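# Summary of the model geometry
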Amino acid sequence: MTATSMGKDFVLSVEGLTVSFDGFKAVNDLSFYVDENEIRVIIGPNGAGKTTVLDLICGRTRATEGSIKFRGKELTKLKEHQIVHAGVGRKFQNPSIYEDLTVFENLEISFPRGRNVFGALMFKRDKEVIDKVHEIAELIFLKDDLNKQAALLSHGQKQWLEIGMLLIQDPELLMLDEPVAGMSVAERKLTAELLNKITKDRSVIVIEHDMQFVADIANRVTVLHQGKVLSEGSMDKVQNDPKVKEVYLGH
Amino acid sequence: MSYGLRSFLPKNDMINILLLAVLIMVIFPLSMDIFRLNLVGKYLSYAFVALGLVLCWGYGGILSLGQGVFFGLGGYCMAMFLKLEASSPENTAIQSTPGIPDFMDWNQLTALPWFWEPFHSLSFTMIAIIAVPVIFAFIVSVAMFKRRVGGVYFAIITQAIAAILTILIIGQQGYTGGVNGITDLRTLKGWDIRTDEAKYILYFVCCALLIGSILVAQFVRKSKLGRLLVAMRDKEDRVRFSGYDVSNFKIFIFCLAAAFSALGGAMFTLQVGFMSPSFVGIVPSIEMVIFCAVGGRLSLLGAVYGTLLVNWAKTVFSESFPELWLFGLGALFIGVVLAFPNGLAGVYSTYVEPMLAKWLKSLKSARPPMPSSTADSRS
Amino acid sequence: MFAEYTASELTSIFAMQGFAGLILFSVFVLMALGLAIIFGQMGVINMAHGEFMILGAYITYLTSNLFSEYAQNLFSGYFFVAMLLAFMVTFALGALVEWAMIRHLYKRPLDTLLATWGLSLILQQLYRTVFGPREVGVTLPDWLMGSYPLTDMIEIPINGIFVMCITLVISVGVYFWMFKSRWGGQVRAVVQNREMAGAVGINTEKVDRITFALGCGIAGVAGSAFTMVGSTGPTSGQLYIVDTFLVVVFGGASSLLGTIASAFTISQAQSTMEFFLSGSMAKVLTLLVVVGILMLRPQGLFSLKIRK
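## Description of the overall build of chain C
Of the regular secondary structure elements, chain C holds 11 helices and 2 strands. Mapped in sequence order, the helices and strands of chain C form the string α-α-α-α-β-β-α-α-α-α-α-α-α. For 308 residues, the compact-globule formula gives about 19 Å, and the C-alpha radius of gyration of chain C, at 20 Å, lands near that figure. Overall, chain C is about 65 × 55 × 35 Å in size when its C-alpha atoms are taken along their principal axes. The buried share among the 308 residues of chain C stands at 47%. Counted over contacts in chain C with a minimum sequence separation of 6, partners at least 24 positions apart contribute 78%.

Here is the structure:
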């Protein structure tokens, strides 16, 4: 790879990444690079290893081989919370929020302060926290629901809330796993708007199936197939790649 | 500062804690003889364990079936000090080795084992009562939680630890007093703990410590750490990927629960006058879980009331119908789990509170209806 | 601690203790098989498992009394009838318990633990009321008495061999039932995805009920076998429950082979150490080692690396 030598210029450089589960290689010698302020969409058929790639980057799954560098920092050796502290945020496929807490409390817990035991005991809900929570709630269309129990939100609102919980941490790299899955058409439009707003000064990796949505937001697209990069480039280029057509239509 | 106080102790909670304090510190002492009051004091020492379980199990989702271990360790530390004082060379002059506890003499020990030595000092004992169980809890919980062992596995392992410690205490008679435990405790720095007056004083000390522990637990519950525990119980991964080292919080809450239990154990020894392995093992440990479940696993005060109620029932039943008690206890386990997973506190907030509210409203029927407040089963 | 024995004495000690361990091993395996099915496959913690075993033991005791009273000439064969009865009764009780209690708690595994503990208390008191607080023992038919001398110093009791044969047959049976039959496939399908299994036409309620009942039934058979090596009292079952859970967890909850291997390791370690240390210290040491290993390797001895 020629890009290896210039690894430092990328926000994220994934090189030779492999993970095997009892011999099955879910991700196989994968390499890709994400630029500053780029929105990268990863697509691919089911079982291509898309979610596993996010799991590997955020430390949920440990790599068998290969390296993941975030701003020159090796992530494969760090623990999950250290990766978050480094500036990587990740949204899960199913909305992962705290159902028993209110929207306000959900956002407050994600506020990046008082993250150790003592800090959490002494944490004060001061003006800074309250202002920030309101600011984010406004952004994710939930400013009127701050005191609602999160379990009572609609599916789409839960997805927004989880995005909000990431935003309050202001990550430099944001990873979203199917952010519009299960959303109505109206909600999708709002989400696309939201993503366009929040991706201004950070890099984003999105996994998505909805091609229209992909075309709306993506700078570049990476197509995964059987744990490897099948094709990479602009949406047009990828859509016209015969290999991609083969994979999507051929089975 | 007033904002801080109000957020940690809202008016409702403060009234409820005051009511409990009045009940145990005024009403009980006025209405009971010292024998009954001493019994209540014994029950209240279990309430410390139930309190710890509310935080650790109700909030943190960590079910420990080995709380008896910490109760026992705290109790044994206290008992060792008292036993040494009761075994002064003058008191034990008839033994073949005077100056060591009687059970050691019976087991042909001729010198005090090394780990008994520091318990000659009261200040060491006071520290050890908390420190020994907490350090033990710390070691166990670090080993388990750092490796992400939780739920059912944690329950089984803590249960095994309770079994191990019981067998060990019973097996090592010469060092521990064996199955009888450490008995015949008399004085604390010369103060006779067996008199009625001492029992009164110890009862009030126990109450004061319990209220203090409730306030500490309330502080933790109302802090961000309390909300984090609830969040972790629901979506542990989300908390982890929000930048928290989840295991540290679990370790903390487990150690805090151990500290409460140990305090209860020490108060038990002081009030009841002995400590034995029958309060350490699997059976008492699970019984303490049911105290907490009956009161409501999410309610600090519920745990205290649950403990009092179950133990009162146990005393009444096993006095008059000893055969029925186990049936009753068994049915209680099944009934609470199946029908009332939130225990008395849950029943109170779903049935009693709305009725009270209705009744209050009908009293003020002339006024326009107030917006109904949401029921909070967690107070 | 070995110094005071000669080499040949040591060999005999190990062989005899090893064999005594094998009987303990058989009881462990039978107990653990039932528990491994219920816990490993269904995720339910049955704290009353020991009481199901003791029920089997009491039924064996009743059958033996019945035969010696009314059918003395058939007495030599009573044990097979007793095992069958023990299986049937515990199976039926298991199905009843699943219907009344367990099925409401599949989403709350920790609560099954508390509820079944309540059940175990009730059963214990029931045994105490019906059979009295004292331990009872069964009379073995003549052909199960005595022992088979292997060498001058090593003798093998015949009932031990018999218990092991039963264990072997049942283990093989469970293996085929769980991993080779269509039924086993359905059980695993339900465990992995209840909704989906229901959607493709598996009667999940029936699968749950029969699986739970079968685990209890095997415990009943374990109780039958137990009467040959120990006496039966209302709380005898409780003594085994923690050990059995450790066996299952230590083996890796979903692995049958692991369960058997860990039952073997634990029973042998305990039995061998018992000769040199006091019984209680042997148990403490065994449990400590098991807990220690579990802290280092929480997934148990045998388990696959899986994608979570």
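## Here we look at the confidence of the model for chain C
Close inspection of predicted coordinates is inappropriate for parts of the model with low pLDDT. All names here are of chain C. Confidence along chain C averages 82 in pLDDT terms, with 94% of residues attaining 70 or more. Per-residue pLDDT, averaged within each element of chain C, yields its smallest value for strand E1 (residues 147-149) (72) and its largest for helix H3 (residues 78-100) (93). Low pLDDT (under 50) marks residues 304-308, which in the prediction has 6 contacts with non-local residues, meaning those over four places away or in another chain. Both scores are available for the predicted complex, with the pTM at 0.89 and the ipTM at 0.88.

## Concerning the nonpolar core
Of all hydrophobic cores here, the largest spans 276 residues; its most connected members are Ala 50, Leu 51 and Leu 53 of chain B. If sequence neighbours within four positions are ignored, Leu 53 of chain B has contacts with Gln 67, Ala 257, Met 288, Val 289, Cys 292 and Ala 303 of chain B.

## Some words on the sheet that holds strand E1 (residues 12-21) of chain A
Residue and element names in this part refer to chain A. Spatially, 4 strands are ordered E2-E1-E4-E5 in an open sheet, and the strand pairing comes out antiparallel. Strands with a single pairing partner mark the edges of an open sheet, and in this sheet they are strand E2 (24-34) and strand E5 (73-74). Pairing geometry for strand E4 (residues 65-70) and E5, over 2 bridges, is antiparallel. When the sheet's bridge partners are listed, Lys 69 is paired in E5 with Glu 74.

## Observations regarding unusual backbone geometry
Residue and element names in this part refer to chain B. Look at Arg 148: it is not a glycine, yet its phi comes out positive at around 60°. Within the secondary structure, Arg 148 is located in the loop between helix H6 (122-145) and helix H7 (151-171). Even without being a glycine, Lys 189 presents a positive backbone phi close to 50°. With respect to the helices, strands and loops of the structure, Lys 189 is situated in the loop between strand E1 (187-188) and strand E2 (191-192). Lys 189 gets classed as exposed once you count the C-beta atoms within 10 Å, which come to 8.

## Here's the deal with helix H6 (residues 155-167) of chain A
Residue and element names in this part refer to chain A. Over its 13 residues, H6 runs 19 Å from end to end, which matches the ideal 18 Å to within 8%, given 1.5 Å per residue. Burial analysis of H6 places 12 of its 13 residues in the buried class, the great majority of the element. Taken together, the buried positions of H6 are occupied by Gly 156, Gln 157, Lys 158, Gln 159, Trp 160, Leu 161, Glu 162, Ile 163, Gly 164, Met 165, Leu 166 and Leu 167.

## Some remarks on the packing of helix H10 (residues 256-276) of chain C against helix H11 (residues 279-296) of chain C
All names here are of chain C. Look at H10 against H11: their axes get within 8 Å of each other, and the N-to-C directions meet at 145°. When you trace H10 past H11, the crossing you get is right-handed. Where H10 abuts H11, its residues Ile 266, Ala 269, Gln 270, Met 273 and Glu 274 lie against Gly 279, Ala 282, Lys 283, Leu 285, Thr 286 and Val 290. Taken together, the residues of the contact of H10 with H11 break down into 6 nonpolar, 3 polar and 2 charged.

## Concerning the pairing of E2 of chain A
Residues and elements named next belong to chain A. As defined by bridge partners, E1 adjoins E2 across 7 bridges and the pair is classed as antiparallel. Bridged to Leu 12 within E2 is Val 34. With antiparallel pairing between neighbouring strands as the criterion, E1 and E2 make up a hairpin whose turn holds 2 residues, including Asp 22 at a positive phi of roughly 50°.

## Digging into the interface of chain B and chain C
Taken together, the contacts link 36 residues of chain B with 32 residues of chain C. Elements supplying a minimum of two residues to the side of chain B that touches chain C: H6, H7, helix H13 (282-295) and helix H15 (322-339) of chain B. Ranked by residue count, the leading element in the side of chain B that touches chain C is H7 of chain B, at 15 residues.

## What to know about the environment of Ile 15 of chain B
As for its placement among the helices and strands, Ile 15 of chain B is situated in helix H2 (residues 11-31). The exposure class of Ile 15 of chain B is exposed, given the 11 C-beta atoms found within 10 Å.

## A few points about the environment of Asp 170 of chain A
Mapping Asp 170 of chain A onto the fold places it in the loop between H6 and strand E7 (173-177). Linking Asp 170 of chain A and Gly 119 of chain A, residues 51 residues apart in sequence, is a C-alpha distance of 20 Å.

## Examining the environment of Gln 238 of chain C
With respect to the helices, strands and loops of the structure, Gln 238 of chain C is situated in helix H9 (residues 236-251). Sequence-distant contacts of Gln 238 of chain C, that is, excluding residues within four places in its chain, are made with Gly 50 and Ser 120 of chain C.

## Focus on the sheet that holds strand E10 (residues 228-233) of chain A
All names here are of chain A. Across the sheet, 6 strands lie side by side as E6-E7-E8-E3-E9-E10; this open sheet has mixed pairing. Each of the sheet's edge strands pairs with one partner strand only, and the pair in question is strand E6 (88-91) and E10. With direction set aside, neighbouring strand axes in the sheet form an average angle of 20°. As paired strands, E7 and strand E8 (residues 203-207) are joined by 5 bridges and run parallel to one another. Within E8, the position partnered with Leu 173 by the bridge is Ser 203. Contacts between helix H1 (residues 50-58) and the sheet are confined to strand E3 (39-43), E6, E7, E8 and strand E9 (220-225), with E7 contributing the most and set at about 145° to the helix.

## A closer look at the confidence of the model for chain A
Across chain A, the average pLDDT comes to 87, with 96% of residues at or above 70. Of all helices and strands in chain A, the one with the weakest mean pLDDT is helix H10 (residues 242-249) of chain A (79), whereas helix H3 (residues 103-110) of chain A scores best (93).

Here is what the cut-offs are and how they apply
Residues numbered from 1 in each chain as written. Chains lettered and ligands numbered in written order. Predicted model: local features only at pLDDT ≥ 70, side-chain atom pairs only at ≥ 80, totals over all residues. Helix = DSSP H or I, 4+ residues; strand = E, 2+ residues; numbered from the N terminus. Rg over C-alpha atoms; globule rule 2.2 N^0.38 Å. Buried ≥ 20, exposed ≤ 12 C-beta atoms within 10 Å, placed from the backbone. Contact = placed C-beta atoms within 7 Å. pLDDT = per-residue confidence, 0-100. Core = buried A, V, L, I, M, F, W, Y, C linked by C-beta atoms within 7 Å. Pairing = 2+ DSSP bridges. Expected span 1.5 Å × (residues − 1). Axes fitted to C-alpha atoms, helices over the stretch in contact; angles between N-to-C directions. Left-handed = near helix turned anticlockwise from the far one by under 90°. Nonpolar A, V, L, I, M, F, W, Y, C, P; charged D, E, K, R; others polar.

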